[in-house]
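# Commentary on secondary and tertiary structure
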Amino acid sequence: MQNNTKTRRKPNIRISQSDHARLSALASTVAARNPEASDELLAELERARIVADGWVSAGTVRMGSTVTFKPDTGDRKTITLVFPGDADISEGKVSILTPIGTALIGLSAGQSIMWTARDGRRHELLVLAVDQPAPEGDGAEPLAPASPAIAESV
């Protein structure tokens with residue numbers, strides 16, 4: 001029996017050096033108690049293009065971003081990507097350690113990705129918009145302007 005599921009290459013993603021360092025440490029910290037989440041996050045970090053902190057465009061999902069996306073399961077959703085201690089689904093704050101949180105990191109508006117839910121089902125989502133939190137003077141990294149005129153080759 002032949003598998004008719006089309007294998008798609010994951011989209012190119014970018015992650016800042018500081019997010020990469022924090023997320024790598026988080027993945028290592030949770031590896032013993034949540035190896036699946038740790039492995040998924042490490043796999044995404046491994047394939048990411050790591051860029052200097054000031055060179056992540058405003059349209060790229062990073063920690064603290066508010067993301068509007070359209071899942072293949074229904075209507076558009078808007079969530080904020082946060083560290084596990086800040087997660088609160090009733091407020092739309094989704095942990096980076098959830099399958100969808102891990103799938104979103106590093107994506108930009110217009111990109112889509114296939115991801116696997118905890119129940120093993122495959123899903124696809126399309127990122128519609130990415131908004132960054134207002135700087136609070138807490139050492140948050142500056143953002144490079146979004147540049148829709150520059151297209152990366154695939």
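As a convention, each chain's residues are numbered from 1 in the sequence order in which they are written. Per-residue local features of the predicted model are confined to residues with pLDDT of at least 70, and side-chain atom pairs are confined, for both listing and counting, to 80 or more; whole-chain, interface and lining totals are unaffected and use all residues. Neither water nor hydrogens contribute to the side-chain values; these are computed over all heavy atoms in the structure.

A word on the pattern of salt bridges. Salt bridges, as used here, are contacts in which a Lys or Arg side-chain nitrogen is within 4 Å of a carboxyl oxygen on Asp or Glu. Counted according to the given criterion, the structure contains five salt bridges. A salt bridge links Arg47 to Glu44, with the nearest nitrogen and oxygen atoms 3.0 Å apart. One end of the pair, Arg47, and the other, Glu44, are both in helix α2 (residues 35-47), three residues apart, so they sit about a helical turn from each other. The partly exposed category is assigned to Arg47, whose relative accessible area is 29%. The residue Lys93 makes a salt bridge to Glu91 at a minimum N-O spacing of 3.3 Å. A relative accessible area of 31% means that Lys93 is categorised as partly exposed. Via salt bridges that share partners, Lys10, Glu44 and Arg47 belong to a single interconnected network. A run of H or I in DSSP becomes a helix once it reaches four residues, and a run of E becomes a strand once it reaches two; helices and strands are each numbered from the N terminus. Between buried and exposed lies partly exposed: a residue is buried under 20% and exposed over 50% of the maximum accessible area for its type, with that area taken using a 1.4 Å probe on protein chains only.

By size, the foremost hydrophobic cluster in this structure holds 30 residues, and its most contacted members are Leu23, Leu41, Ile96, Leu104 and Leu125. Secondary structure elements with two or more residues in this core: α1 (17-30), α2, β3 (66-71), β4 (77-82), α3 (99-104), β6 (112-116) and β7 (122-131). For this core, the element with the highest residue contribution is α1, accounting for four residues. Excluding residues that lie within four positions of it along the chain, Leu23 makes contacts with Leu41, Leu45, Met63, Phe83, Ile96 and Ile105. Definition of nonpolar core: a set of buried residues of the types Ala, Val, Leu, Ile, Met, Phe, Trp, Tyr and Cys, connected through side-chain atoms within 4.5 Å. By the convention used here, residues are in contact when the closest approach between their heavy atoms is within 4.5 Å.

One requirement defines pairing of two strands: DSSP has to find at least two bridges between them. Sheet architecture is open: five strands sit in the order β5-β4-β3-β7-β6, paired in mixed fashion. The open sheet is flanked by β5 (93-95) and β6, the only strands paired with a single partner. Along the sheet, successive strands turn relative to each other by an average axial angle of 45°, direction set aside. In terms of strand pairing, β3 meets β4 through four bridges, oriented antiparallel. Note on β4: the bridge partner recorded for Thr66 is Thr80. Between the N-to-C directions of two axes lies an angle of 0 to 180 degrees, each axis being a line fitted to C-alpha atoms and, for a helix, fitted only over the stretch in contact.

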